[in-house]
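A look at the structure
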Amino acid sequence: MSQARSEYEDLKKIAPDVYDAVFALGQLAGRARLDKQMLELIKLRASQINGCAFCLQFHVLQSERLGLSVDKINLVAVWREAPIFPRREPAALAWTEALTYLPNGVGDEVYAEARREFSEQELIYLTSAVASINTWNRFGAAYRWTPPARQPVRAAS
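The structure reproduced in this document is the subject of the present report. In this text, all values refer to a predicted model and were calculated from it rather than measured experimentally.

**Topic: the overall build of the protein**
Helix and strand counts for the protein come out as 8 helices and 0 strands. Mapped from its N terminus to its C terminus, the protein presents α and β elements in the order α-α-α-α-α-α-α-α. Over its C-alpha trace the protein gives a radius of gyration of 16 Å, about what one expects of a compact globule, namely 15 Å for 157 residues. Overall, the C-alpha framework of the protein stretches about 40 × 40 × 30 Å when taken along its three principal axes. Relative to its full complement of 157 residues, the protein shows a buried share of 39%. Counted over contacts in the protein with a minimum sequence separation of 6, partners at least 24 positions apart contribute 69%. Here the protein has roughly 9,300 Å² of accessible surface; of this, 54% comes from carbon and sulfur atoms. Here the protein carries 19 positive and 18 negative side-chain charges, and the mean point of each set is 4 Å from the other.

Right, dumping it as structure tokens:
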């Protein structure tokens, strides 16, 4: 098992300007009114690809809080084989993979599919969300941040 080299909270303390810049970039797509559940799916997929345990667990928990179905959370790794994703989500996931696996480039087919589903402005904001999660993944994987714990469910009183 890998030992954490530092923790998520350390970034806020040591380099708050870096934290604030990456955080702000990540907020833009949501403020542009892209679907928050879809944005969580792309964050899950990029985090899986990049092997960032912290970000993967963080966004599983966020996805659950937003009401994303367990099936979608579980199947995002194999989204091409799972028919439960409506048209915009596969386009967003394909775009995420193309931008995360950059040595493969962003093919014309992936771009055309994304443009069929997203306006030019939406695609720019979607790209900003992919860029943001890939940046967070670089920090989380490099410093081996400890994944956040699931908060215990409290019994109703």
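So much for the structure itself; the text now carries on.
**Some thoughts on the nonpolar core**
Ranked by size, the top nonpolar core spans 26 residues in total, and within it Leu34, Leu39, Leu41, Ile42, Leu93, Phe118 and Leu126 carry the most contacts. If you tally residues by element for this core, the top one is helix α6 (residues 88-100), at 6 residues. When neighbours within four sequence positions are excluded, Leu93 is seen to be in contact with Leu41, Ile42, Arg45, Val76, Trp79 and Phe85.

About the criteria used
Residues numbered from 1 in each chain as written. Predicted model: local features only at pLDDT ≥ 70, side-chain atom pairs only at ≥ 80, totals over all residues. Heavy atoms only, no water. Helix = DSSP H or I, 4+ residues; strand = E, 2+ residues; numbered from the N terminus. Rg over C-alpha atoms; globule rule 2.2 N^0.38 Å. Buried < 20%, exposed > 50% of the residue type's maximum accessible area, 1.4 Å probe, protein only. Contact = heavy atoms within 4.5 Å. Areas by Shrake-Rupley, 256 points an atom, 1.4 Å probe, with all protein chains shown as cover. Lys, Arg positive; Asp, Glu negative; His and termini not counted. Charge placed at Lys NZ, Arg CZ, Asp CG, Glu CD. Core = buried A, V, L, I, M, F, W, Y, C linked by side-chain atoms within 4.5 Å.

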